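Coordinates in review
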Amino acid sequence: MSTHAGTTRTPRAPALPDSGVGSRTGPIARWGFLCLALVLSACTPAGDSRQHSTRPADGAEPSTGTSGGGPPCTPSVDALPAPPAGYRLVGKDVAVPDAPVLSPEDSGEADPAARLFAKWGLVVRAGRVVDLRVAPGWQDKARLGWGGTGTPAATATVHACAPEGGQAQWLAFVGGTWVARASCVPLIVTSNGQDDRVTLGIGVPCDKTTTP
């Protein structure tokens, strides 16, 4: 995925709020989500799925080497003290947008399963390796990828190495989800041997009539 990181400093978003329906932190959540969205939008042109190694918005240098002999670090675009407002936790190590619908655009990809692209930032706890994949039965309907994973794929691995100084607790990665058509897409997130399922509304909300 090709990405060009902006160097503009972006205000830190507050900690992740309660994601329950009718939360009193709704306005704060929308502001925090907007802040992160602005950072991510500045890093990647719409529809461009590739990413280069780049400096996070807070000035911390991302690592593309290895950590403790593990897999290469995935290039991040921001370092955060906590998941931003407007995000919900999936398991203990991953946060995804809490918006009911993520808006897709034409991707320009030849793959029929990647006709539309919804760009959103994945937030992962520093020091964790996370595997993500489209749920069984969706391999020909959806793709995903973050932080330089190359072309859209049915699986992706994100290695969130701790930044220099070890100050940040979470890292944000540019990427998103590709779909053949607007859908409620189920993803499987694996971290520390635990599988968690999350659905994302790409172009349509995940209500009772659209959730797989």
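Up top is the structure these notes are about.
Residues numbered from 1 in each chain as written. Predicted model: local features only at pLDDT ≥ 70, side-chain atom pairs only at ≥ 80, totals over all residues. Heavy atoms only, no water.

**A short note on the pairing of strand β8 (residues 142-146)**
By the criterion of burial, β8 is predominantly enclosed, with five of the five residues buried. Every second residue of β8 is oriented toward a common face, with Ala 142, Leu 144 and Trp 146 on one face and Arg 143 and Gly 145 on the other, all of them buried. In the sheet, β8 pairs with strand β11 (residues 175-179) via five bridges, with the strands oriented antiparallel. Bridging across to β11, Gly 145 finds its partner in Gly 176. (Buried < 20%, exposed > 50% of the residue type's maximum accessible area, 1.4 Å probe, protein only. Helix = DSSP H or I, 4+ residues; strand = E, 2+ residues; numbered from the N terminus. Pairing = 2+ DSSP bridges.)

**Overview of the packing of aromatic side chains**
The geometry of an aromatic ring pair is captured by two quantities: the separation of the ring centres and the angle between the planes. In total, this model carries two aromatic pairs according to the counting rule given. Here Phe 117 and Trp 178 contribute two aromatic rings whose centre-to-centre distance is 4.4 Å and whose plane-to-plane angle is 35°, an arrangement assigned as tilted. In this pair, Phe 117 is assigned in strand β5 (residues 116-119) and Trp 178 in strand β11, connecting sequence segments 61 residues apart. Of the residues examined, Trp 178 reaches a relative accessible area of 0% and is grouped as buried. (Phe/Tyr/Trp six-rings, centres within 6.5 Å; stacked < 30°, edge-to-face > 60°.)

**A look at the nonpolar core**
Counting residues in hydrophobic clusters, the biggest one holds 32 residues, and the most contacted among them are Val 96, Trp 120, Leu 122, Leu 132, Trp 146 and Leu 187. Formed by eight residues, the second largest nonpolar core is a distinct cluster that contains Val 77, Ala 95, Val 123 and Trp 170. (Core = buried A, V, L, I, M, F, W, Y, C linked by side-chain atoms within 4.5 Å.)

**Things to note about the pattern of salt bridges**
Scanning all chains against the criterion turns up five salt bridges. Linking Asp 93 and Arg 128 is a salt bridge whose minimum nitrogen-to-oxygen distance equals 3.2 Å. In this pair, Asp 93 is assigned in the loop between β2 (87-90) and β3 (94-97) and Arg 128 in strand β7 (residues 128-134), connecting sequence segments 35 residues apart. We classify Arg 128 as partly exposed; its relative accessible area is 29%. One network of salt bridges, with partners in common, ties together Asp 93, Arg 125 and Arg 128. (Salt bridge = Lys/Arg side-chain N within 4 Å of Asp/Glu carboxyl O.)

**Concerning the state of the cysteines**
One pass over the full model with this rule turns up two disulfides. Covalently, Cys 73 is tied to Cys 161 through a disulfide, its sulfur atoms 1.9 Å apart. Between Cys 73 and Cys 161, the S-S dihedral sits near -90°, and the bridge is therefore left-handed. Of this pair, Cys 73 sits in the loop between α1 (26-43) and β1 (78-80) while Cys 161 sits in the loop between β9 (155-160) and β10 (170-173), and the two are 88 residues apart along the sequence. Both residues of the pair, Cys 73 and Cys 161, count as buried. (Disulfide = S-S within 2.5 Å.)

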